[in-house]
Amino acid sequence: MITLNNIPGQKLARKILLNSFNRQKLASTYLFYGPEGVGKWSTALALTALLNCEKPLKDEAGNLIDACGSCRPCHQIGNLIFPDLLIAVPIPPHKNDKEAAELVAAFLAEKKNEPYKIITSTRQLTIPIDSAREIKRKTAIRQNAGIKRVILFYQMEKMLPASADSLLKLIEEPPRDTVIILTAADPGTLLPTIQSRAQKIHFRPIGKGDIANYLEEKYSVPAEKAGFLADLAEGSIGRALSYISDEDETSFRQTAFLIFKSLFVKETASAAATLSEMINPNNRGEVEKILTLWQSFLGDLMLLKYGGNNIDITNSDLAAELEILAARISRPDDFTRILDYLKNTVVSLRRNVHIRPALMALAFRVRRHINQSP
Ligand SMILES: [Zn+2]
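Residues numbered from 1 in each chain as written. Predicted model: local features only at pLDDT ≥ 70, side-chain atom pairs only at ≥ 80, totals over all residues.

Side note on the overall build of the protein
Turning to step 1, where the next piece is worked out: From N to C terminus, the protein includes 16 helices and 7 strands.
Turning to step 2, where the next piece is worked out: Principal axes of the C-alpha set define a box for the protein whose edges measure 80 × 50 × 35 Å.
Turning to step 3, where the next piece is worked out: Put simply, the protein has 374 residues, and 35% of those count as buried. (Helix = DSSP H or I, 4+ residues; strand = E, 2+ residues; numbered from the N terminus. Buried ≥ 20, exposed ≤ 12 C-beta atoms within 10 Å, placed from the backbone.)

Brief notes about helix α13 (residues 284–306)
Turning to step 1, where the next piece is worked out: Between its terminal C-alpha atoms α13 stretches 33 Å, which fits the 33 Å expected from 23 residues at 1.5 Å a residue.
Turning to step 2, where the next piece is worked out: Listing the buried residues of α13 in full gives Val287, Ile290, Leu291, Trp294, Phe297, Leu298, Asp300 and Leu301.
Turning to step 3, where the next piece is worked out: At the exit of α13 stands Gly308, carrying a positive phi of roughly 75°. (Expected span 1.5 Å × (residues − 1).)

Regarding the confidence of the model for the protein
Turning to step 1, where the next piece is worked out: Overall, the prediction assigns the protein a mean pLDDT of 89, with 97% of residues at 70 or greater.
Turning to step 2, where the next piece is worked out: By mean pLDDT, the top-scoring element of the protein is helix α2 (residues 40–52) (97), and the lowest-scoring one is helix α6 (residues 161–172) (81). (pLDDT = per-residue confidence, 0-100.)

Things to note about the domain arrangement of the protein
It is common to report an interface's size as the accessible area lost on association of the parts.
Turning to step 1, where the next piece is worked out: When cut into domains, the protein gives domain 1 (4–202), domain 2 (206–244) and domain 3 (246–367).
Turning to step 2, where the next piece is worked out: For domain 1 versus domain 2, the separation of C-alpha centres amounts to 25 Å.
Turning to step 3, where the next piece is worked out: For the side of domain 1 that touches domain 2, the class distribution of residues is 5 nonpolar, 3 polar and 3 charged. (Domains from an automatic or database assignment. Nonpolar A, V, L, I, M, F, W, Y, C, P; charged D, E, K, R; others polar.)

Side note on the nonpolar core
Turning to step 1, where the next piece is worked out: Counting residues in hydrophobic clusters, the biggest one holds 68 residues, and the most contacted among them are Ala46, Leu152, Phe153, Ile181, Leu182, Ile211 and Leu215.
Turning to step 2, where the next piece is worked out: If you tally residues by element for this core, the top one is α2, at 8 residues.
Turning to step 3, where the next piece is worked out: There are two domains that each give this core at least three residues, and those are domain 1 (4–202) and domain 2 (206–244).
Turning to step 4, where the next piece is worked out: Residue contacts for Ala46: discarding those within four places in its chain leaves Ile2, Thr3, Leu4, Ile7 and Ala67. (Core = buried A, V, L, I, M, F, W, Y, C linked by C-beta atoms within 7 Å. Contact = placed C-beta atoms within 7 Å.)

Below you can see the structure in the form of structure tokens.
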């Protein structure tokens, strides 16, 4: 069950919300902003639970410190079936209302299962035009006494303009006993009128220790691997989760990519250390497979940088991450040099050189062609 105190990181957000709640100064509209996968969704649910919990926890001074997590409303909120939690989420294009309802249900089912999951699609996701209108209609019906209604617009930047008008009316005349929560990665993308009417709360990247704990406790990821994934997740549990995959081939490629990525984002010495920790020197076949994958990542980087529009890259699922890495290499010559190192290393591995020193040397050589700062 999600309650404020078991949300990893986000101490400041928790403090602001608890203080405002205890001083009866909650805003009628909040804008939670910050990277994907850091806890905006969880915190919205935790606030809903705090507002409606039947047996909230209190400190000695009588201040509320958290929801109980087990009463009926807490339970319903955790399962996303609380009648006064109205949620608008982004979904792919759909033909009719029935299909939209199914897509929303599928979205919610995934978020119920894993609140930090970053839901992506090859098709563009948008918050349906009717969402705000439909929610406005529902809010016209008064909730039972004592209930605090929460309206959550998740990933506001995906809301279509036609919907924003209805939302604006809702924010301008907030219904009684209702809190509106908007979430966005970048508040700058929202209409200024919406921004100015909401109290903004910044959600920061989560510490590596907290991310590693989450992976270990919820997914039984071994400590060493959890630490490694947390290291590369840039403060996002959602991103770390995307690196865990059930399917062996995908997960091998993911791991190979993460080691490749560490060459770009870490200091030279720690990048070399990662290589020597993560690659098993007793398995030549596996090392060769990793180096081959790296060649395909590098090929994609070159295409992204010099291929123009409408290019077809091999690792299209990693496009967003590859694009960031491509920016770290400045000249065509650097690409070809790195590619040569990779090919030469494969050749020398076949000649039975010692694997570990060969990989260390490779890390140092490759690093010379990557810009030190983003
Ligand atoms: Zn409760």
